[in-house]
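Observations on chain architecture
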Amino acid sequence: MFYTNGNYAAFAKARKPEAIEEYQAYIVGGGLAGLATAAFLIRDGQMPGENITILEELPLAGGGCDGIKDEKLGYIIRGGREMEDHFECLWDLYRSIPSLKNPDQTVLDEFYYLNMDDPSSSPIRVTEKQGRDAHTLHKFGLSDKAVLELAELVMTPEKDLNDKKITDVFTKDFFESNFWTFWRTMFAFEEWHSAIEMRRYLTRYIHHAHKITDISCLKFTTYNQYESLILPLQHYLQQKGVQFIYDATVTNVEFNLEGAKKRATRIVYQQADDKQSIVLGEKDLAFITLGSNTDQSGFGDQTHPAVVPEGIGASWQLWENIAHQSKEFGNPKKFYGDVSGSNWESATITCIDREIPKYIEKLTGRDPYNGKIVTGGPITAKDSSWLMSWTVSRQPHFKVQKPNEIVAWVYGLFSNEKGDYIKKTMAECTGEEICQEWLYHIGVPVSKIDDLAKNHAVTIPCMMPYVTSYFMVRNVDDRPKVVVDNAKNFAFIGEHVETPNDTVFTTEYAVRTAMEAVYTLLELDRGVPEVFASQYDIRILLQVTHHLLDGRKITEMSLPLSQRLALKAALKKIEGTTIHEMLMDNQLI
């Protein structure tokens, strides 16, 4: 497997592997990574679809890319996926998947046209004082000290950040900035999360740093991600003959690690009360999803708080059973072992008539019923004890929504803090109480809150104990490689495996690991697109520096005397060069 840049390899078709018709592939996990693995096996590996089997613990595919209308509870979304131009592997996949909504288009075509015609942006980014103070906070509010801390983190090698928290690399100035407010609520970072992951996000999305004030860098699907991304991909696979085994909990994958080549030998799974196994032969491949940030999700309803099932969850137990067989297979407990640091709660709020949406329109200036972008990403109640953020995506968010229904999504990063209107922790709240807290922060008069939450909305809370497990403090060896050294017939996929430079908690990461796994095991001669290298583009770096400084000149920064003299000397030396011109163009000198 090799990385490539540009469209030379992107437009090429890999040559067909020898005797590929004789191979069988077994994929553990029917989330986006598992589905993408099957698609790449078919499209690029030219494996017959009927030779591929996907084992999925749940009764439906999709994993964390969910969105359903439950017969009892109503509409449910545990979260939403934020996407951008440079998800190279994701768009490489979906350029080949036909749209279900527009059969003459691919999913990529559909997505591209939609976001061209209705580009995303947020009319407001932050509210305070029950919505009376609503603004975008166009300035980052970073002190010179905080800017230098950001620069230092970006230039620090990952190996020097092993087991370090974000608080180990930033000081008070940074955490009091608007930048941190934008960053943490857009990506769901906490102060105690991994400095490695913080650095990866900074370097991966540095080309968007100046756009996070209004989130105009984001792009969204027509409907929820299950209907817009998962269903067309699943339909494509089913048409190709891929076999799906649902309600199948894989409990272990056994390996033979002796000798020069490591092999997966058996997949053990439980279906109902039957324990079954698949013995892997010489031409059988195994692709194994490790961990799940939505495992053990606990739902509540309008009158009951969310309840989390007991135990660590099947995906984590599987990884533990695999990891016990070799140190190369990672350290799962680093990610699931501290629920207090990896959990938060979300809620799906269905407004059943126009009574609540009129307050959304009053606050945002956008009509939720016009079918266009409403919030364009999260709006954060900055003074919320829960640090509550909420979004209203394009409506309808579900194909089956009634014309008068609006679906909103709310989440709180601090689920164990007492609310401002409801004096309970978010974890203790019923759906109705979470809705009350939300209404309070969007500016609904207190006298109307209780009635609106009870009679004009249905709210389904969801507690996710491992939702930010990806961000937990780790070292560079705690996630296994996609294909460990000398592995002959198996690969690990999903968000808890290691591929360099890219960021977890994204659709891109799931698809990238799938592509790397397939291309490596089948030895395909088509390159995997490298991660967009914006961190190495001096034009982007200078543009972002201008915005991080809120328009200040670098010569105006508070630097020690030695650094000021060095800067003055450097600027003198580059006078008349293109670098000097670029600094001038970006108003840095």
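Since this is a predicted model, take the numbers as computed values, not measurements. (Residues numbered from 1 in each chain as written. Predicted model: local features only at pLDDT ≥ 70, side-chain atom pairs only at ≥ 80, totals over all residues. Heavy atoms only, no water.)

Examining the overall build of the protein chain
- Scanning the protein chain for helices and strands turns up 18 helices and 20 strands.
- Rg of the C-alpha trace for the protein chain: 24 Å, near the compact-globule value of 25 Å for 589 residues, within the 12% margin.
- Across its three principal directions, the C-alpha atoms of the protein chain cover 70 × 65 × 45 Å.
- In the protein chain, which comprises 589 residues, the share counted as buried stands at 58%.
- Counting contacts in the protein chain only where the partners sit at least 6 residues apart, residues at least 24 apart contribute 73% of the total.
- On the protein chain, roughly 23,900 Å² of surface is accessible, and the fraction owed to carbon and sulfur atoms is 50%. (Helix = DSSP H or I, 4+ residues; strand = E, 2+ residues; numbered from the N terminus. Rg over C-alpha atoms; globule rule 2.2 N^0.38 Å. Buried < 20%, exposed > 50% of the residue type's maximum accessible area, 1.4 Å probe, protein only. Contact = heavy atoms within 4.5 Å. Areas by Shrake-Rupley, 256 points an atom, 1.4 Å probe, with all protein chains shown as cover.)

Thoughts on the sheet that holds strand E2 (residues 24-28)
- Strand order across the open sheet formed by five strands is E8-E3-E2-E12-E19, with parallel pairing between neighbours. Every other strand in the sheet has two partners, leaving strand E8 (243-245) and strand E19 (490-493) as the edge strands with one partner each. The mean inter-strand angle of the sheet, taken between neighbouring strand axes irrespective of direction, is 20°.
- Those strands touched by helix H1 (residues 32-43) are E2, strand E3 (52-55), E8, strand E12 (284-289) and E19, and its axis lies near 180° from that of E3. (Pairing = 2+ DSSP bridges. Axes fitted to C-alpha atoms, helices over the stretch in contact; angles between N-to-C directions.)

Side note on helix H9 (residues 314-323)
- For H9, the tally of buried residues reaches seven of ten residues, placing the bulk of the element in the interior.
- Residues of H9 that are buried: Ser315, Trp316, Leu318, Trp319, Glu320, Ile322 and Ala323.
- Those residues of H9 hidden inside the fold are in contact with E2, strand E9 (248-256), E12, helix H10 (333-336) and E19.

What to know about the environment of isoleucine 206
- Along the chain, isoleucine 206 turns up in the loop between helix H7 (195-204) and helix H8 (225-239).
- The exposure class assigned to isoleucine 206 is buried, which follows from its relative accessible area of 11%.
- Contacts of isoleucine 206, omitting those with residues within four sequence positions, involve Tyr201, Ser534, Gln535, Ile540, Leu541 and Val544.

Looking at the packing of aromatic side chains
- Considering all chains together, one arrives at 37 aromatic pairs under this definition.
- For the pair tryptophan 409 and tyrosine 411, a centre-to-centre distance of 5.2 Å together with 25° between the ring planes defines the contact as stacked. Neither residue differs from the other here; tryptophan 409 and tyrosine 411 are each classed as buried.
- One Lys or Arg, arginine 354, reaches over the ring of tyrosine 369 and ends 4.0 Å from the middle of that ring. (Phe/Tyr/Trp six-rings, centres within 6.5 Å; stacked < 30°, edge-to-face > 60°. Lys NZ or Arg CZ within 6 Å of the ring centre and 35° of its normal.)

Describing the sheet that holds strand E15 (residues 379-381)
- Strand order in the open sheet formed by eight strands is E7-E6-E15-E16-E17-E14-E18-E13, with mixed pairing between adjacent strands. With one partner strand each, in any of the chains shown, strand E7 (133-135) and strand E13 (298-299) form the two edges of the open sheet.
- Direction of pairing for strand E6 (residues 126-128) relative to E7: antiparallel, over a ladder of three bridges. Residue pairing for E7: threonine 127 is matched across the bridge by alanine 134.
- Sitting on the sheet, helix H13 (residues 431-441) touches E6, strand E14 (344-351), E15, strand E16 (388-391), strand E17 (406-412) and strand E18 (457-464), and the angle it makes with E18 is about 105°.

Things to note about the nonpolar core
- Grouped together as the largest cluster of nonpolar side chains are 146 residues, with contacts concentrated most on Phe179, Trp183, Met198, Leu237, Phe287, Ile288 and Phe492.
- Counting 31 residues, the second-largest nonpolar core is a separate cluster that includes Ile124, Trp438, Tyr440 and Ala453. (Core = buried A, V, L, I, M, F, W, Y, C linked by side-chain atoms within 4.5 Å.)

Side note on the domain arrangement of the protein chain
- For the protein chain, the assigned domains are domain 1 (18-68 + 81-101 + 222-302 + 316-335 + 478-522), domain 2 (121-128 + 344-464) and domain 3 (560-588).
- For domain 2 versus domain 3, the separation of C-alpha centres amounts to 48 Å. (Domains from an automatic or database assignment.)

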